[in-house]
Amino acid sequence: MNSFQKIQKACKSLKLPAYPDFNTNGEDTYVVYNIVSETPYNFGDDVPADIITDLQAHLYLPANRNFFDLKLKLTRALFEQGFTYPSVVLNTTEENNTVRHIVFEFEDDVDI
């Protein structure tokens, strides 16, 4: 299962719609995910055996909704899919304080 499929599975377990890169479907609560970087490592004969993939999941929900429980549940669901334990690197409101935007960052170890 690739990194995006694992994010989809984590979100599905919470009944959260999830999309790569952007969402145009109009839900008020959803996740958008993306790759930040890929770093080869574990070299043998100058060839990497693995890649560390840095990923982000962006949770969007109405700003007036209590986000603490959902934030924790999504953090745990991502971790349970085998990612490193996510860091929350942004938690802010946007669009005239009507939308909360929470960014999770985490890593996946991918065999080549």
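This structure is a prediction, so every number in the text was calculated from the model and none was measured. (Residues numbered from 1 in each chain as written. Predicted model: local features only at pLDDT ≥ 70, side-chain atom pairs only at ≥ 80, totals over all residues. Heavy atoms only, no water.)

Student: Hey, could you go over a nonpolar patch on the surface for me, with residue numbers and the actual values?
Tutor: Taken together, the side chains of Leu-72, Phe-79 and Tyr-85 present a nonpolar region at the surface, about 290 Å² in accessible area. Examined against the element boundaries, Leu-72 turns out to sit in helix α2 (residues 68-80). (Patch = residues over 30% accessible without salt bridge, like charges linked within 9 Å, V, L, I, M, F, W, Y side chains within 5 Å. Areas by Shrake-Rupley, 256 points an atom, 1.4 Å probe, with all protein chains shown as cover. Salt bridge = Lys/Arg side-chain N within 4 Å of Asp/Glu carboxyl O. Helix = DSSP H or I, 4+ residues; strand = E, 2+ residues; numbered from the N terminus.)

Student: Tell me about the sheet that holds strand β4 (residues 87-94), and please be specific about residues and values.
Tutor: Pairing in this open sheet of 5 strands is mixed, and the strands run β1-β2-β3-β5-β4 from one edge to the other. Since the sheet does not close on itself, it has two edges, and those belong to β1 (18-20) and β4, each with one partner. Neighbour-to-neighbour, the strand axes of this sheet turn through a mean angle of 30°, independent of strand direction. As paired strands, β4 and strand β5 (residues 99-111) are joined by 7 bridges and run antiparallel to one another. Note that in β5 the partner of Asn-91 across the bridge is Ile-102. In this fold α2 packs onto β2 (30-44), β3 (47-62), β4 and β5, with an angle of close to 10° to the strand it touches most, β5. (Pairing = 2+ DSSP bridges. Axes fitted to C-alpha atoms, helices over the stretch in contact; angles between N-to-C directions. Contact = heavy atoms within 4.5 Å.)

Student: Before we move on, could you go through the packing of helix α1 (residues 3-13) against α2 and cite the residues and values that matter?
Tutor: Taken N-terminus to C-terminus, the directions of α1 and α2 make an angle of 140°; their axes are 9 Å apart at the nearest point. Here α2 runs oblique to α1, going by the angle between their axes. With respect to the hand of their crossing, α1 and α2 are arranged in right-handed fashion. The residues of α2 that touch α1, namely those facing Ile-7, Ala-10, Cys-11 and Ser-13, are Leu-74, Ala-77 and Leu-78. Looking at the contact of α1 with α2, its residues break down into 6 nonpolar, 1 polar and no charged. (Parallel < 35°, antiparallel > 145°, perpendicular 65-115°, else oblique. Left-handed = near helix turned anticlockwise from the far one by under 90°. Nonpolar A, V, L, I, M, F, W, Y, C, P; charged D, E, K, R; others polar.)

Student: Can you break down α2 residue by residue, with the values?
Tutor: Taking 1.5 Å of rise per residue, 13 residues should cover 18 Å, and α2 covers 18 Å from first to last C-alpha, within 8% of that figure. Along α2, the residues that are buried comprise Leu-70, Leu-74, Thr-75, Ala-77 and Leu-78. The buried residues of α2 occupy an angular sector of 165° when projected down its axis, which confines them to one face. More than 90 degrees from the buried face of α2, the exposed residues found are Phe-68 and Glu-80. On its buried face, α2 is in contact with α1, β2, β3 and β5. One or two positions beyond α2, positive phi appears at Gly-82, with a value near 100°. (Expected span 1.5 Å × (residues − 1). Buried < 20%, exposed > 50% of the residue type's maximum accessible area, 1.4 Å probe, protein only. Arc of directions from axis to C-beta.)

Student: I'd love a proper account of α1, names of residues and values included.
Tutor: Those residues of α1 that fall on the buried side of the exposure criterion are Ser-3, Lys-6, Ile-7, Ala-10 and Cys-11. Take α1 and look down its axis: the buried residues cluster within an arc of 135°, on one side only. Structural note: α1 exposes Lys-12 and Ser-13 on the side pointing more than 90 degrees away from its buried face. Residues of α1 that are buried make contact with β1, β2, β3, α2 and β5. Remark: Lys-15 follows α1 within two positions and exhibits a positive phi of approximately 60°.

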